[in-house]
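As a plain string of letters, each chain reads:
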Amino acid sequence: MTTTPIEVSATRDRELVRSLITGDRWITAHALADLDDGEFPRTRCFVARRGTTPIALGMEYSGWAPQPLHLYGEPEGIATILQHGIRPRAAWVPTPIGGNPVLDLTYETEKINPMLRMGLTRAEFVPYTGPAAALVVPLIPSDAQALNHLYQLGFAAWLPPLAVAEGVYRGIHRNGKLVAAAGTHVVGRRERIAVVGNVLTASSARGNGYAHANTSAVTDALLGFCDEVVLNVQRDNAAAIAVYTSLGYSVKAEFEERLVIRRSGISVPRMLRRLFGR
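Chemist: Please provide a residue-by-residue account of the packing of aromatic side chains, values included.
Modeler: Enumeration over the complete set of coordinates arrives at 1 aromatic pair. When the ring of Y244 is compared with that of Y249, the centres are 6.1 Å apart and the planes differ by 65 degrees; the resulting orientation is edge-to-face. Of the two residues examined, Y244 and Y249, each falls in the buried class. The ring of F40 carries R12 above its face, with NZ or CZ at 4.3 Å from the centroid. Looking at K252, its charged tip hangs above the ring of W26, at a distance of 4.5 Å from the centre.

Chemist: Quick rundown of the confidence of the model for the protein chain? Include the residues and the values.
Modeler: Counting all residues, the mean pLDDT for the protein chain is 92, and 92% of those residues have values of 70 or more. For residues 265-278, every residue scores under 50 in pLDDT, and the model assigns this stretch 20 contacts once sequence neighbours within four places are set aside.

Chemist: For the nonpolar core, give the residues involved together with the corresponding values.
Modeler: Residues M118, L222, V229, V233, Y244 and Y249 are the most contacted members of the largest nonpolar core, which totals 22 residues. Counting only elements with at least two residues in this core, the list comes to β6 (107-120), β9 (177-188), β10 (193-201), α7 (210-222), β11 (228-234) and α8 (238-246). Filtering out sequence-adjacent residues up to four positions away, M118 remains in contact with V229, V230, L231, V233, I241, Y244, T245, Y249, S250, V251 and K252. Counting residues in hydrophobic clusters, the runner-up holds 20 residues, among them V17, L32, F40 and V186.

Chemist: Explain the sheet that holds strand β7 (residues 137-138) residue by residue, including any values.
Modeler: One open sheet holds the 12 strands; their spatial order is β1-β2-β3-β4-β5-β12-β6-β11-β10-β9-β8-β7, and the pairing between them is mixed. Unpaired on one side and paired on the other, β1 (6-10) and β7 mark the two borders of the sheet. Of the strand pairs in this sheet, strand β4 (residues 67-73) and strand β5 (residues 90-95) are connected by 2 bridges, and their pairing is parallel. Its bridge partner being in β5, Q67 is matched across the sheet by A91.

Chemist: Now, about the pattern of salt bridges: what can you tell me, with residues and values included?
Modeler: Any two side chains of opposite charge can pair, on the condition that their charged atoms come close. Inspection of the entire model under this criterion finds 15 salt bridges. The salt bridge partner of D220 is R122, with a shortest N-O separation of 3.0 Å. Note that D220 is positioned in helix α7 and R122 in the loop between β6 and β7, a separation of 98 residues in sequence. Residue class for R122 comes out partly exposed when judged on its relative accessible area of 40%. Its salt-bridge partner being R190, residue E191 comes within 3.8 Å of it at the nearest N-O pair. The exposure class of R190 is partly exposed, given its relative accessible area of 35%. In the salt-bridge network here, residues are joined through shared partners; they are E15, R18, R25, R190, E191 and E228.

Chemist: Explain the environment of N237 to me, and be specific about the residues and the numbers.
Modeler: Relative to the helices and strands, N237 is located in the loop between β11 and α8. The class for N237 is partly exposed, based on a relative accessible area of 32%. N237 sits 110 residues away from P127 along the chain, and the two C-alpha atoms are 21 Å apart.

Rules of the game
Residues numbered from 1 in each chain as written. Predicted model: local features only at pLDDT ≥ 70, side-chain atom pairs only at ≥ 80, totals over all residues. Heavy atoms only, no water. Phe/Tyr/Trp six-rings, centres within 6.5 Å; stacked < 30°, edge-to-face > 60°. Buried < 20%, exposed > 50% of the residue type's maximum accessible area, 1.4 Å probe, protein only. Lys NZ or Arg CZ within 6 Å of the ring centre and 35° of its normal. pLDDT = per-residue confidence, 0-100. Contact = heavy atoms within 4.5 Å. Core = buried A, V, L, I, M, F, W, Y, C linked by side-chain atoms within 4.5 Å. Helix = DSSP H or I, 4+ residues; strand = E, 2+ residues; numbered from the N terminus. Pairing = 2+ DSSP bridges. Salt bridge = Lys/Arg side-chain N within 4 Å of Asp/Glu carboxyl O.

Written as structure tokens, this is what we have:
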């Protein structure tokens with residue numbers, strides 16, 4: 001019996017890509033949102049076919065490595081994509097608990113973040129109504145510098161003004177200085193789904209309900225045109241989980257966010273690897 005070979009090719013066929021993003025929408029939210037007109041041109045997509053039948057998809061966001069990499073479909077197809085299609089030097093890959101054996105064939109895991117995927121719908125949303133709610137204001141592209149200053153206090157990030165313009169950001173100022181903010185990683189108007197992120201309050205301003213207020217305001221705005229809103233949170237971040245739970249978010253899945261480095265004869269300097277940490 002002859003085995004039909006698997007072939008890999010790049011594609012810009014958005015409908016084909018959509019058909020291969022399989023699984024629960026809560027889990028595939030990032031990839032679905034990347035189908036938007038503003039996001040899809042920034043992705044690299046490869047499809048594996050057995051004969052004429054598409055069997056797997058690799059979808060990588062463009063930019064400086066490491067970027068998110070999403071893999072769907074038959075293991076043999078995914079393995080072929082990683083060998084002959086998408087070949088990033090480093091990437092952030094969401095995997096089930098325990099990892100993905102196919103990924104391990106070509107990548108070493110440098111770091112594992114145990115994560116929760118939380119989400120809600122409009123019916124489940126519980127808006128925050130505490131005193132801090134009145135302090136929340138929309139943030140605009142010219143606020144990008146203040147946002148980057150704030151985020152550098154808590155985690156490595158660089159946010160361009162375009163990201164603020166295309167996303168949904170809210171913040172709270174104290175004495176004219178931005179001290180708390182929340183925003184989005186990606187907004188999928190086409191699929192009516194969005195991913196909340198970049199939630200941070202300066203240490204000097206914590207304990208005032210600012211994270212509740214900002215996250216609530218961003219969520220409320222997104223639910224104006226999205227059916228589902230999701231976010232990721234590290235499994236051991238009890239304080240953040242409590243904030244999100246109070247707003248109606250519930251756990252939809254547990255997974256691991258893995259920083260992977262392509263196996264090769266050339267090592268990645270450890271100093272650069274540390275820069276990839278989040």
